[in-house]
Amino acid sequence: MAALILPLTFSVLFLLLLSQGNRGIRAAFTEALMLFSLAATAITEASSASRGIEPGPVFISWMLLLMAAAFVTYGRKAVLTSRVRELAVNASLHIRSLTGLQRSTWSAIISLTVLLLIQGLVYPSNSTDALMYHLPRVISWIGQRSVEHFPSHNYSQVYMPPFAEYLVMNVNILYGGDRWCNTVQWLFLTASGVAVSRLSDLLLSRRKDSSGAHLLTVCLPVAVLQSSTANNDIVVSFFLLTSFLYGYRWIRQQRLTDGFWLGASFGLACLTKATAYLYLGPLVAWMSVVALSRIPKEGVRPLARAIVPTLVFASILINMYARNLDLTGNPLGIDRGNSETGVNGEFTLRAAFSNLFKNLGRQMGPYPLNVLYDSALYKAHRTLDIPIKIQGTHFYDMDYRGAPNLPIHDSTAPNSLNICLLLSALAWMLLRRTVWKEKSPSALVLHSTILISQLVLFSAFLKWQPWHTRLLMPLCFLSVPIVCHALSRYRPPKAWKTIGLCMVFGTALFAALFNDARPFLSTPFTQDLSIRDGRFDKYFTDR
């Protein structure tokens, strides 16, 4: 029963939300996962307060939640039955209306998703970061029955935002091992595809088949490689997607429920990974400007409406902030050493310019694209008389190196196809506005501006690192609606669409099959292991 309680709880929450209002399947799935995440946070913090992080108390907490959700859902069984029948009919009609290319796209998405689930179950989470601090902190928490800070030689085990590890720890406790720990990132990758499709519908004001948006999300090479690890990059990407989704909805409609989901998204994103603050900064700035601009007409009501998301945000983060304040006097837990290691030592235009194009350089692969881009990058730096490595702007003073020749490592795999599609879409939107005098949807223009601001802020604030390809994953996900808009207006021939599908899916499939540390097919380019090797041997191959 302990092994089933987590999927059962999520399923009942999904059915409960499906019976409320006019939620569709995608909205119910997204919000059920957010409620599930809030529950995992609350159960972990409550258990930690009484030093009760052990199988018995954790199981009882989840069982009580399951029983409460099942009781409420059962009380709405008539409504739920009607909704399920209605949605089943609509789904059947939608499936029949799909074109051959759309059916092929969904088949590619489903087959890749299943393949990644198998990969995450067959292999342990042997990525470097997972073994250095994501999983060790889980073991330490279980050992001390609390998520309080503990002595460690690796400070990352102590202060970093803990949500993804909270969920991994609950899975570990209830399943009696780490066999299913990789399914956390896999689940959030699946959910990210759903969230991107909802965001696309909102920005483009249309409800069509979402297979293209889903494909571009699930097939992102670095996401494919990360989905079989116990890291947190996909998890934070999902919460950033919902932050934008409910942020845009809340500004438009000012509904209390959207305010709740907005606060939950912000809080869970910041509870997962500190880079969330950089991605949320431009969105919060825009929302603040809109709220302040409404004060002359509405008085203090725009500010009063912000109370709900603010309270939800604060309630999620208060325990983490308190622990870090007690440790370092900083709510983020960052001391001077951490700050000097990760934050740029020079805040100038030339440093931001250099880091921005070097970050793009890590995305421009595989061979020979990486060689061509790096050649142009070095030439541009020489022309502008800017050093390729400005003092204080590289992590641990590393030398710059471009994208790897093959997209098979979970921290460095380039996402060149997605980045090129985004840059092409932005250039096309600019041409339409300046040359052809055609306007793009205002919401999409705003979204594009925020994304560009995110990239500039990211490059100006953080030192260049070779693994920024995975740290830029949220930007790749958030860019999908822009690409979908450009493709829908351009309307390429069917043959081009088929070639595009094969390229996107083929790149993702290649990454999955030849994953450097968790390969289905072992080659001289991957680590020296086989899918048939013992589980213990697979742990320590990515060294």
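One can find the structure itself at the top, above this paragraph.
Small disclaimer: the values here were computed from a predicted structure and weren't measured.

> Any chance you could explain the overall build of the chain here in plain terms?
From N to C terminus, the chain includes 27 helices and 0 strands. A globule of 543 residues ought to have a C-alpha radius of gyration of about 24 Å, and the chain, at 23 Å, matches this closely. Judged by the C-alpha coordinates and their principal axes, the chain covers about 65 × 55 × 55 Å. Expressed as a percentage of the 543 residues in the chain, the buried residues total 53%. A sequence separation of at least 24 residues applies to 78% of the contacts in the chain between residues at least 6 apart. As displayed, the chain offers around 23500 Å² of accessible surface, 66% of which is attributable to carbon and sulfur atoms. Measuring between centres, the 48 positive side-chain charges of the chain sit 13 Å from its 28 negative side-chain charges.

> Whenever I open this one, the pattern of salt bridges confuses me. Can you help?
For side chains bearing opposite charge, pairing can occur when the charged atoms are close. Considering all chains together, one arrives at 17 salt bridges under this definition. Residue Arg470 pairs with Asp129 through a salt bridge whose shortest N-O separation is 2.6 Å. Pair noted here: Arg470 is in helix H23 (residues 468–471) and Asp129 is in helix H6 (residues 128–144), with a separation of 341 residues, a long-range link. For the pair Arg470 and Asp129, a shared accessibility class is recorded, and that class is buried.

> Teacher, can you tell me more about the packing of aromatic side chains here?
The geometry of an aromatic ring pair comes down to the distance between the two centres and the angle between the two planes. This model, assessed by the stated rule, comprises 24 aromatic pairs. The interplanar angle of 80° and the centroid separation of 5.5 Å between the aromatic rings of Phe395 and Trp467 together place this pair among those described as edge-to-face. In this pair, Phe395 is assigned in the loop between helix H20 (369–383) and helix H21 (416–434) and Trp467 in the loop between helix H22 (442–461) and H23, connecting sequence segments 72 residues apart. Exposure remark for Phe395: the relative accessible area of 14% places this residue in the buried category. Relative accessible area serves as the criterion here: at 24%, Trp467 is assigned to the partly exposed category. Taken together, the ring pairs in this structure connect Phe10, Phe29, Phe36 and Trp62 into an aromatic cluster. The ring of Tyr123 carries the charged tip of Lys538 above its face, separated from the ring centre by 4.7 Å.

> Please explain the nonpolar core as it appears in this structure.
Within the largest apolar cluster, 141 residues are counted, with the highest numbers of intra-cluster contacts made by Trp62, Phe163, Phe188 and Phe239. Looking at this core, the element that brings in the most residues is helix H12 (residues 233–253), giving 13 residues. Among residues more than four places away in sequence, those in contact with Phe163 are Ser37, Ala40, Thr41, Phe188, Val235, Phe239, Leu268, Leu271 and Thr272.

> It is not clear to me how unusual backbone geometry should be interpreted in this structure. Could you clarify?
Trans is the prevailing form of peptide bonds, just as negative phi is the prevailing case for residues other than glycine. The omega angle of the peptide bond from Gly365 to Pro366 is 0°, so this bond is cis rather than trans. In this fold, Pro366 is placed in the loop between helix H19 (349–361) and H20. Geometrically, the link from Tyr367 to Pro368 is a cis peptide bond, its omega value of 5° lying close to zero. Tracing the sequence through the fold places Pro368 in the loop between H19 and H20. Phi at Arg145 takes a positive value of approximately 60°, unusual for a residue other than glycine. By relative accessible area, which is 36% here, Arg145 ends up partly exposed.

> Just to check I follow, could you spell out helix H25 (residues 480–490) for this structure?
Turn by turn, an α-helix covers 3.6 residues, leaving residues three or four places apart pointing in a common direction. Within the span of H25, buried status applies to Val480, Pro481, Ile482, Val483, Cys484, His485 and Ala486. Looking at the buried side of H25, the elements it contacts are helix H9 (183–204), helix H10 (211–218), H21, H22 and helix H24 (473–478). One or two residues past the end of H25 sits Arg491, with phi positive at roughly 50°.

> Sorry, what's going on with helix H5 (residues 100–122) here?
With 23 residues, H5 extends 33 Å from end C-alpha to end C-alpha; this agrees with the ideal 33 Å at 1.5 Å per step. Every buried residue belonging to H5 is among Leu101, Thr105, Ala108, Ile109, Leu112, Thr113, Leu115, Leu116, Gln119 and Gly120, and all of these are buried. Where H5 is buried, its residues meet H9, H10, helix H11 (221–226) and helix H26 (494–513).

> Is there a simple way to explain the packing of helix H14 (residues 276–293) against H22 in this structure?
A packed helix pair is summarised by two numbers, namely the angle formed by the two axes and the spacing between the axes. One way to put it is that H14 packs onto H22 with a least axis distance of 8 Å and a crossing angle of 135°. Regarding the angle of H14 to H22, the classification is oblique. Of the two possible hands of crossing, H14 and H22 adopt the one that is right-handed. In contact with Leu278, Tyr279, Pro282, Leu283 and Trp286 of H14, H22 contributes Leu446, Ile450, Ser453, Gln454, Leu457, Phe458 and Phe461. Of the residues that constitute the contact of H14 with H22, the class distribution is 10 nonpolar, 2 polar and no charged.

> What exactly am I supposed to notice about a nonpolar patch on the surface here?
Together, Ile60, Leu64 and Met67 line one region of the surface with nonpolar side chains, adding up to about 320 Å² of accessible area. Relative to the helices and strands, Met67 is located in helix H3 (residues 55–75).

Parameters and conventions
- Starting afresh in each chain, residues are numbered from 1 along the sequence in its written order.
- A pLDDT threshold of at least 70 governs which residues receive local features in this predicted model, and a stricter bar of 80 or more applies before side-chain atom pairs are shown or counted, although totals over entire chains, interfaces and linings include all residues.
- Think of the side-chain values as coming from all heavy atoms in the structure, minus any hydrogens and water.
- A helix here means a DSSP run of H or I that spans at least four residues, while a strand means a run of E at least two residues long, and both kinds are numbered starting from the N terminus.
- The globule rule used for comparison is 2.2 Å times the number of residues to the exponent 0.38, while the radius of gyration itself is calculated over C-alpha atoms.
- Categorising residues by exposure relies on relative accessible area from a 1.4 Å probe, with only protein chains included: less than 20% of the type maximum marks a residue as buried, more than 50% marks it as exposed, and the intermediate range marks it as partly exposed.
- A contact between two residues is defined here by any heavy atoms of the two lying within 4.5 Å.
- Exposure was quantified through the Shrake-Rupley algorithm and a 1.4 Å probe, taking into account, for residues, occlusion by the shown protein chains and nothing else.
- Only four residue types enter the charge count, namely Lys and Arg as positive and Asp and Glu as negative; His and the chain termini do not.
- Note on charges: their place is set at NZ of Lys, CZ of Arg, CG of Asp or CD of Glu.
- Should a side-chain nitrogen of Lys or Arg be within 4 Å of a carboxyl oxygen of Asp or Glu, the pair is scored as a salt bridge.
- Ring pairs are drawn from Phe, Tyr and Trp, using the six-membered ring of Trp, whenever the two centres fall within 6.5 Å, and their geometry is named by plane angle: stacked under 30 degrees, edge-to-face over 60, tilted for the rest.
- Each ring is checked for a lysine NZ or an arginine CZ that lies within 6 Å of its centre and within 35 degrees of its normal; such an atom marks a charge sitting over the ring.
- Only buried residues count toward a nonpolar core. Its members are Ala, Val, Leu, Ile, Met, Phe, Trp, Tyr and Cys residues joined through side-chain atoms within 4.5 Å.
- Take the residue count of a helix, subtract one, and multiply by 1.5 Å to get its expected span.
- In this analysis an axis means a line fitted to C-alpha atoms, helices contributing only their contacting stretch, and an angle means the value between N-to-C directions, from 0 to 180 degrees.
- Any angle from 65 to 115 degrees is called roughly perpendicular, while one under 35 is roughly parallel, one over 145 is roughly antiparallel, and all others are oblique.
- Crossing handedness: left-handed means the near helix sits turned counterclockwise from the far one by under a right angle, and right-handed means the same turn made clockwise.
- Following the grouping adopted for this structure description, the nonpolar residues are Ala, Val, Leu, Ile, Met, Phe, Trp, Tyr, Cys and Pro, the charged ones are Asp, Glu, Lys and Arg, and the polar ones are all others, Gly among them.
- By definition, no residue in a patch forms a salt bridge, and every one has over 30% relative accessible area; like charges are joined within 9 Å, nonpolar side chains (Val, Leu, Ile, Met, Phe, Trp, Tyr) within 5 Å.

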